[in-house]
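As a plain string of letters, each chain reads:
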Amino acid sequence: MAVLDSMEQRYEERLRRYVTAMRKGKPDRIPIRPFVAEFTAVYAGYTIQEVTHDYEKAFDAVIRCAADFDWDAVVPNMVYVWTGLVQAINLRYYAIPGVDLPADVPFQYLEPPEENAWMRPDEYDALIEDPTGYLYNVWLPRVSRDVVPPGQPNTFRNNMSFVLGAMAMLDYFNALGRQVERLRRETGTVSAISGILKAPFDILADKLRGYKGLCLDLYRQPDKVLKACEALAPHLLHVAKSGADPQKNVPIGLWMHRGCVPFLSPQQFERFYWPTLKWIIESLWAEGYQVLFYAEGEWNPNLKYIAQLPDLSIVYHVDRGDIFEVYKTVGHKFCISGGIPNDLLAFGTPQDVREYCKKVIDGVARDGGYIMDASAIMQNDTKIENVKAMTEFTREYGVY
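Residues numbered from 1 in each chain as written. Predicted model: local features only at pLDDT ≥ 70, side-chain atom pairs only at ≥ 80, totals over all residues. Heavy atoms only, no water.

**A word on the nonpolar core**
Of all hydrophobic cores here, the largest spans 94 residues; its most connected members are Leu-197, Phe-201, Leu-204, Leu-277, Phe-293, Tyr-316 and Tyr-370. When near neighbours in sequence (up to four residues on either side) are disregarded, Leu-204 contacts Tyr-124, Leu-127, Arg-209, Gly-210, Leu-214, Val-225, Ala-228, Cys-229 and Leu-232. (Core = buried A, V, L, I, M, F, W, Y, C linked by side-chain atoms within 4.5 Å. Buried < 20%, exposed > 50% of the residue type's maximum accessible area, 1.4 Å probe, protein only. Contact = heavy atoms within 4.5 Å.)

Written out as structure tokens, the structure reads:
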């Protein structure tokens, strides 16, 4: 009983520290919230294939890292593709470790061929008119090897794909809830995010038209692209809210992909990417939901648009952008996280890591409103000794 009470006290302290920083306050010390993915497999002694195929091993690896490193918050499982989900409906756009790739290579998204994208260039009207109907009737049969298009003879594999897919999703998401409780009960660690969000434009680029196809559409049928983003936005808002933290403490994860330089120019970002995403974030904040704006890539050229968002509505995560410019431009409005380069954590020395952490803390964290993390998700090339250096230095030096 005393152990449980101690863990709960530790959890409450960490949650308070994490939330205080995200709301631009000054906690007792800088929260440490590393987004560790395949790194957990390396640390726990698993192959990447193991944690990708068996989510229980992935969960155990996260628990071990959270307990040993004593972090404040962590994602319950950052190894995004559980193979059971992918194989249950036989998806075409994932390459899986140990199946399509070597066992120690992280999963890969497969970009569709430009001439044979999952959504054809003349199908915008169908998507705009009925996004759900289009995804079920047109998109799903193309991305799944088992799903039969409407009008074709039914098959046993088609029927089983829906049964197996639904069972796999139910199994995984129920287990994910238990994993959040395990983190709290066994390690006193906070779940870093709750729920998921993607920009409407990224849905088009990642899952429908592919990047090349969408680039052509920006010039050939720009109005269709805009209307498609507008049609998708309410659905994505609903998905974000459905998985959000009921207590509105931890943020909704927003994974930013194709809107940064050089994928889009700032002018294209302003016209195509930003309006619908801005509407979603503002709608969420109006109900008290904060968003973790995980800005993968170089987003500094778009900071003037991001600064339009309401104060505190996002936590701005820095990847390849200049974190000191980010702090200067939007640091008065939003908490900042990240900024410790992944190549430094992979190829540098522990002393290099400590020196860079000091530089970041001195430059952006003196008044609070900062969360320590790598620039991007940490995979299997991240050195264990460098993660230890980042963690230990922040715990010692990042005290207010």
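**As for the state of the cysteines**
Under the definition given, this model contains 0 disulfides. With no disulfide of its own, Cys-215 lies 12 Å from the sulfur of Cys-260, the closest cysteine sulfur. The thiol of Cys-335 is unpaired, and the distance to the nearest cysteine sulfur, on Cys-357, comes to 16 Å. Among the residues examined, Cys-335 registers a relative accessible area of 0% and is labelled buried. (Disulfide = S-S within 2.5 Å.)

**Observations concerning the environment of Ile-48**
Relative to the helices and strands, Ile-48 is located in helix α3 (residues 48–53). By relative accessible area, Ile-48 is classed as buried at 2%. C-alpha separation for the pair Ile-48 and Asp-104, spaced 56 residues apart in sequence, amounts to 5.0 Å. Setting aside its immediate chain neighbours within four residues, Ile-48 contacts Glu-38, Pro-97, Ala-103, Asp-104, Val-105, Pro-106 and Asn-380. (Helix = DSSP H or I, 4+ residues; strand = E, 2+ residues; numbered from the N terminus.)

**Let's talk about a nonpolar patch on the surface**
A contiguous nonpolar surface patch, about 350 Å² in accessible area, is contributed by Tyr-80, Tyr-109, Ile-196 and Val-239. Mapped onto the fold, Tyr-80 is located in the loop between β1 (73–74) and α5 (83–88). (Patch = residues over 30% accessible without salt bridge, like charges linked within 9 Å, V, L, I, M, F, W, Y side chains within 5 Å. Areas by Shrake-Rupley, 256 points an atom, 1.4 Å probe, with all protein chains shown as cover. Salt bridge = Lys/Arg side-chain N within 4 Å of Asp/Glu carboxyl O.)

**Quick look at the packing of aromatic side chains**
Counted by the stated rule, this structure contains 28 aromatic pairs. Taken together, the aromatic side chains of Phe-201, Phe-269, Tyr-273, Trp-274, Phe-293, Trp-299, Tyr-305 and Tyr-316 make up a single cluster linked through ring pairs. Between Lys-248 and the ring centre of Tyr-289, over which it is positioned, the NZ or CZ distance is 4.9 Å. When the ring centre of Phe-263 is taken as origin, the NZ or CZ atom of Arg-258, which lies over that ring, is 5.8 Å away. (Phe/Tyr/Trp six-rings, centres within 6.5 Å; stacked < 30°, edge-to-face > 60°. Lys NZ or Arg CZ within 6 Å of the ring centre and 35° of its normal.)

**Let's talk about helix α17 (residues 384–397)**
If you check α17, its first and last C-alpha atoms are 20 Å apart, about what 14 residues at 1.5 Å a residue would give, namely 20 Å. Listed in full, the buried residues belonging to α17 are Asn-386, Val-387, Ala-389, Met-390, Thr-391, Phe-393 and Thr-394. For α17, the secondary structure elements touched by its buried residues are α2 (39–44), α4 (55–69), α15 (342–347) and α16 (350–364). (Expected span 1.5 Å × (residues − 1).)

**Concerning unusual backbone geometry**
Of the consecutive residues Val-261 and Pro-262, the connecting peptide bond is found in the cis state with omega at 10°. Turning to its location among the elements, Pro-262 is positioned in the loop between β6 (252–256) and α12 (266–286). Phi is positive for Asn-90, close to 55°, though the residue is something other than glycine. Positionally, Asn-90 belongs in the loop between α5 and β2 (94–95). Despite not being glycine, Leu-312 has its phi angle at roughly 70°, a positive value. Within the fold, Leu-312 resides in the loop between α13 (303–306) and β8 (314–318).

**A few points about the sheet that holds β8**
Backbone hydrogen bonds hold the strands of a sheet together, and the pairing may be parallel or antiparallel. Within the open sheet, the 6 strands sit side by side as β5-β6-β7-β8-β9-β10. Their pairing is parallel. In the strand order of this sheet, the two ends are held by β5 (196–197) and β10 (370–371), each with one partner. Two elements, strand β7 (residues 291–295) and β8, share 5 bridges in a ladder whose sense is parallel. Note that in β8 the partner of Leu-292 across the bridge is Val-315. Strand contacts of α12: β5, β6, β7 and β8, with the helix running at about 170° to β6, the strand carrying the most contacts. (Pairing = 2+ DSSP bridges. Axes fitted to C-alpha atoms, helices over the stretch in contact; angles between N-to-C directions.)

**As for the pattern of salt bridges**
Pairing is possible between side chains of opposite charge, provided their charged atoms come close. By the definition in use, this model includes 25 salt bridges. Taking the shortest distance from any N to any O, the salt bridge between Asp-373 and Arg-33 comes out at 2.9 Å. Placement of Asp-373 in the loop between β10 and α17 and of Arg-33 in the loop between α1 (2–22) and α2 is noted, with a sequence separation of 340 residues between them. Judged on exposure class, the residue Asp-373 and its partner Arg-33 are both buried. The partner of Asp-206 in a salt bridge is Lys-198, with the nearest N and O atoms 2.7 Å apart. There is no split in this pair, since Asp-206 and Lys-198 are both buried. Connected through shared salt-bridge partners, Arg-17, Asp-28, Arg-29 and Asp-72 make up one network.

**Focus on the pairing of β6**
With 5 of 5 residues buried, β6 is to be regarded as a mostly interior element. By the alternation rule, side chains of β6 split into Ile-252, Leu-254 and Met-256 and Gly-253 and Trp-255, which are all buried. Pairing of β5 with β6, which is carried by 2 bridges, proceeds in the parallel orientation. Following the sheet pairing, Leu-197 is matched in β6 by Leu-254. Across 5 bridges, β6 lies against β7 in parallel orientation. Counterpart to Ile-252 in the pairing with β7 is Val-291. Each parallel crossover has a hand, and for β6 linked through α12 to β7 it is right-handed. (Right-handed = clockwise from strand over helix to strand, strands pointing away.)

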